[in-house]
Amino acid sequence: MMSLIKTDLVKVLKMQYLFKFKANIDVFSSLIGIQLLAVLFSFGGFYHSTHGWGMVINLQQYSANIVICFTFIWALITAITITTKPYRHYDFTFVTNRLSSSLSNILFLLTVSVLGSITAMLSSNLIKFIVYMFLDDSIVLFKQPFFDFFTGMITTSLYTFLFCSIGYLVGAFIQYHKGFSVVIPVLFMGLLIFDGMTMNSTTITGFTEFYIKESNPFYFLLKTILMSSLVLTAAISIFNHLEVER
Amino acid sequence: MKIIECRDISKMYFRQKALEQLTFSIEENKITGLIGRNGAGKTTLLKLISGFIKPTAGEIKVFSEQPFNNLFVSANSILVDDSMSFPAALNLGDIMDAAAAFYSNWHQPLAEGLLDYFSLEKYKYHNRLSKGQTSTFNMIIGLASRCPLTLFDEPTIGMDAAVRKDFYRALLKDYLAFPRTIVLSSHHLEEIEHLLEDVLLIKNGQCLLHLPIYDVKEMMISVEGKLAIADQVLQEKEIIYEQSIGTNHVHRVLLREEASVEELQGAERMGLKIRPVNASDACVYLTDKGKGVIDDVFNKN
Amino acid sequence: MYSQYQLADMYTINPATAAKGLNLLADEGILYKKRGLGMFVSSEAKEKILFKRKNQTLKRLVEEVVLEANRLQVSNEELLSMIKALQTKEGNQ
């Protein structure tokens, strides 16, 4: 009698997690690429002009906001990508079930969210440094307490992870039925354009503001984590029924 | 001990039946040939056993558990086919390392030895391999992982004759060294019959027979000769297959149990040629679509 | 005698097939089993095989020769002389 291999979820999760880092290495190169692109865009800056006491104050504000925005989009795309057939089927070549496949994906997404946020936060320093060196001789505010950096990183990570979660759900819908691959982008882009044109925060931006305007850090934490869990649970339950058609 | 047990399993794809009330079981440490024509449901069955898909009806047990969404079944089985997917970012060496991590029985010396023998280099990428090389590499993964249940779905697609022969020998040698339950699907029974202990023949999603290969080889006999004599000798016997040769000669196949040894000896003395039917041809006759022989298509015109 | 596994390895056949072959030979008394030691060739093996080949294989071949001769309308004398000619040729070599 050949001895059968006993296995448990945690052990498999650990292997799948490590495997996904090697397998999805291109996720990181795309992160660097997209953030460098965003840094480039950041040099346009936001321009403020104020009148008062008979003088005009020109305020050129450079920030990493674009980088963070791009990181969100990257997070969304990355999450959708890893739900596609080839990526899901890698798991099924080796040892997996649908739950471990999803959980390891989520752990992977959580990790890339944190990494993406750290690099996004650091990019603000890069922007300031480049501005200081090459673009402007005005006063540049460099000061940033570590605590601010830390909270900023956590906030950005949570946002990024929320985007990942949404992407994962979107991917799950698309895998459930191909029709969603048309419906969801059209709906999303349409609403985004609608928001942009009306300069109003009704749909997607409104949804975002629900989080941004939360000033209590505890509630913010609760809101994002709850939302992510809800979205991910929905995605996991969809994937749990999907068959492998390789 | 039964490794695979299927009871009345059916599988529908968009209202089309891929498997219909299939019932069989496979014993431990046997090499079983899963034989059937294109579209008979071989791949569907293997995917059900692997837990990739779930049956529409019926019950399937692998290692006494339901395979769908089952980590235990997944850890103890592997399905090798030409559409096994590997990450594009990993080269062959990396893939082998991953397989080694996932499959506890993985035998690295075997994997490296086979990789070297078949001239596959570790730094190459899976999606750059030719069709034959892909099959060869997937087969290496399948053998070296030494899963208690190893499923091969048409493993030799694209392999040249020499590689196929080497693969069959490698499969047998590693099976002898490390006995396990193996299911090998193919529509070329003559190529794999020497490896098999049992044959599971399916047709239109149903189990036609599940017998030791020895019994399949003994199952049928072919009778060839003059039509008049054949009619006289074989009257009231069920004919499985018939082909006319010219106008007054005929080739007929029947079950061995239909005729006694004396009857056959008598037939031979009357000038009929009696021959055993090999396992491969027997399966072809059994899985006949019921639309007559290929000649009928031409005879209509 | 080789074990079923050794035979399987030698001829690339399933060990169950090899075992079936060994059992057939054992049934005919050509091989015999020693518990825990494997199969052994019996002392009368050669005799039995010769007997079987003479009474089954050779007989069948002769039957076929006779049948074919009848089909070709070769007379008994002609057939026998053909066989004799071959035998003298073999004997000379």
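Keep in mind it's a predicted model, so treat the numbers as computed, not measured.

**Student:** Provide a residue-level description of the overall build of chain C, including the pertinent values.
**Tutor:** What chain C contains, in helices and strands, is 4 helices and 2 strands. Traced from its N-terminal end to its C-terminal end, chain C shows the element sequence α-α-β-β-α-α. In terms of overall dimensions, chain C is more spread out than a globule: its C-alpha atoms have a radius of gyration of 20 Å, far above the 12 Å expected for 93 residues. With the C-alpha coordinates of chain C rotated into their principal frame, the extents come out at 55 × 25 × 25 Å. Counting across all 93 residues of chain C, residues that qualify as buried make up 10%. Nonlocal contacts in chain C, meaning residues at least 24 apart in sequence, comprise 16% of its contacts between residues at least 6 apart.

**Student:** Describe the nonpolar core, and please don't skip the residues or the numbers.
**Tutor:** Of all hydrophobic cores here, the largest spans 96 residues; its most connected members are Val62(B), Val80(B), Ala99(B), Ile140(B), Leu151(B) and Val199(B). Filtering out sequence-adjacent residues up to four positions away, Ala99(B) remains in contact with Phe94(A), Trp106(B), Ile141(B) and Ser145(B).

**Student:** Before we move on, can you summarise the interface of chain C and chain B with the specific residues and values?
**Tutor:** Contacts between the two partners involve 10 residues from chain C and, on the opposite side, 11 residues from chain B. Tallying contributions element by element places helix H2 (residues 15-27) of chain C first for the side of chain C that touches chain B, with 4 residues.

**Student:** With reference to specific residues and values, describe the interface of chain A and chain B.
**Tutor:** With 28 residues of chain A in contact, the opposing surface of chain B contributes 30 residues. Broken down by secondary-structure element, the contributors of at least two residues to the side of chain A that touches chain B are helix H1 (9-23), helix H4 (85-93) and helix H5 (98-135) of chain A. For the side of chain A that touches chain B, the residue count by class is 16 nonpolar, 7 polar and 5 charged.

**Student:** How would you explain the UniProt feature "domain: ABC transporter" (unreviewed entry) in chain B if you had to name every residue and give the values?
**Tutor:** In this structure's numbering, the residues bearing the UniProt feature "domain: ABC transporter" (unreviewed entry) are residues 4-229 of chain B. Structurally, residues 4-229 of chain B comprises 35% helix and 30% strand, and the distance from its first C-alpha atom to its last is 47 Å.

**Student:** Got a sec to walk through the domain arrangement of chain C? Specific residues and values, please.
**Tutor:** Under the domain assignment used here, chain C contains domain 1 (4-42) and domain 2 (46-92). Computed over C-alpha atoms, the centres of domain 1 of chain C and domain 2 of chain C are 32 Å apart.

**Student:** Could you give an account of helix H7 (residues 180-198) of chain A, naming the residues involved and the relevant values?
**Tutor:** Helix length check: H7(A), at 19 residues, gives a terminal C-alpha distance of 26 Å against a target of 27 Å (1.5 Å per residue), a fit within 8%. Once H7(A) finishes, Met199(A) follows within two positions and takes phi at roughly 50°, a positive value.

**Student:** Go over the sheet that holds strand S6 (residues 149-153) of chain B, please, and point to the residues and values.
**Tutor:** Residue and element names in this part refer to chain B. Strand order in the open sheet made by the 6 strands is S5-S6-S7-S3-S8-S9, with mixed pairing throughout. Taken across any chain shown, the strands that pair with only one partner, and hence form the sheet edges, are strand S5 (77-80) and strand S9 (206-212). Averaged over all neighbouring strand pairs, the angle between strand axes comes to 15°, with direction disregarded. One ladder, built from 4 bridges, connects strand S3 (residues 31-35) with strand S8 (residues 198-203); its direction is parallel. The residue bridging Leu34 from the neighbouring strand is Leu200, located in S8.

**Student:** Explain the pairing of strand S7 (residues 181-186) of chain B to me, using residue names and the numbers behind them.
**Tutor:** Residues and elements named next belong to chain B. Where burial is concerned, most of S7 is hidden: 6 out of the 6 residues are buried. Here S7 shows a buried face lined by Thr181, Val183 and Ser185 and a second buried face lined by Ile182, Leu184 and Ser186. Judged from the 5 bridges that link them, S3 and S7 form a sheet pairing that is parallel. Within S7, the position partnered with Ile35 by the bridge is Ser186.

**Student:** Residue-level account of the domain arrangement of chain B, with values.
**Tutor:** Accessible area lost upon the coming together of the parts serves often as the stated size of an interface. All names here are of chain B. If you check the domain split of chain B, you get domain 1 (2-204) and domain 2 (217-300). Between domain 1 and domain 2, the C-alpha centre-to-centre distance is 36 Å. Each side of the interface is counted separately: domain 1 has 9 residues, and domain 2 has 6 residues. Counting only elements with at least two residues in the side of domain 1 that touches domain 2, the list comes to helix H7 (189-192) and S8. A class-by-class count of the residues in the side of domain 1 that touches domain 2 yields 4 nonpolar, 1 polar and 4 charged.

**Student:** Go over the arrangement of the chains with me, naming the residues and quoting the values.
**Tutor:** By contact count, the leading pair among the 2 pairs of chains in contact is chains A and B. Between chain A and chain C there is no contact, and the shortest C-alpha to C-alpha distance separating them is 17 Å.

**Student:** Which residues make up the pairing of strand S10 (residues 220-226) of chain B, and what values do they have?
**Tutor:** Residue and element names in this part refer to chain B. In terms of burial, S10 is largely enclosed, as 5 of its 7 residues are buried. Pairing of S10 with strand S12 (residues 249-255), which is carried by 7 bridges, proceeds in the antiparallel orientation. Note that in S12 the partner of Gly225 across the bridge is Val250. As paired elements, S10 and strand S13 (residues 273-276) share 4 bridges and run antiparallel to each other. Residue Val223 lies in a different strand from S13, and its bridge partner there is Ile274.

Procedures and definitions
- Residues numbered from 1 in each chain as written.
- Chains lettered and ligands numbered in written order.
- Predicted model: local features only at pLDDT ≥ 70, side-chain atom pairs only at ≥ 80, totals over all residues.
- Helix = DSSP H or I, 4+ residues; strand = E, 2+ residues; numbered from the N terminus.
- Rg over C-alpha atoms; globule rule 2.2 N^0.38 Å.
- Buried ≥ 20, exposed ≤ 12 C-beta atoms within 10 Å, placed from the backbone.
- Contact = placed C-beta atoms within 7 Å.
- Core = buried A, V, L, I, M, F, W, Y, C linked by C-beta atoms within 7 Å.
- Nonpolar A, V, L, I, M, F, W, Y, C, P; charged D, E, K, R; others polar.
- UniProt positions renumbered as here; feature names shortened; annotations may be inferred.
- Domains from an automatic or database assignment.
- Expected span 1.5 Å × (residues − 1).
- Pairing = 2+ DSSP bridges.
- Axes fitted to C-alpha atoms, helices over the stretch in contact; angles between N-to-C directions.

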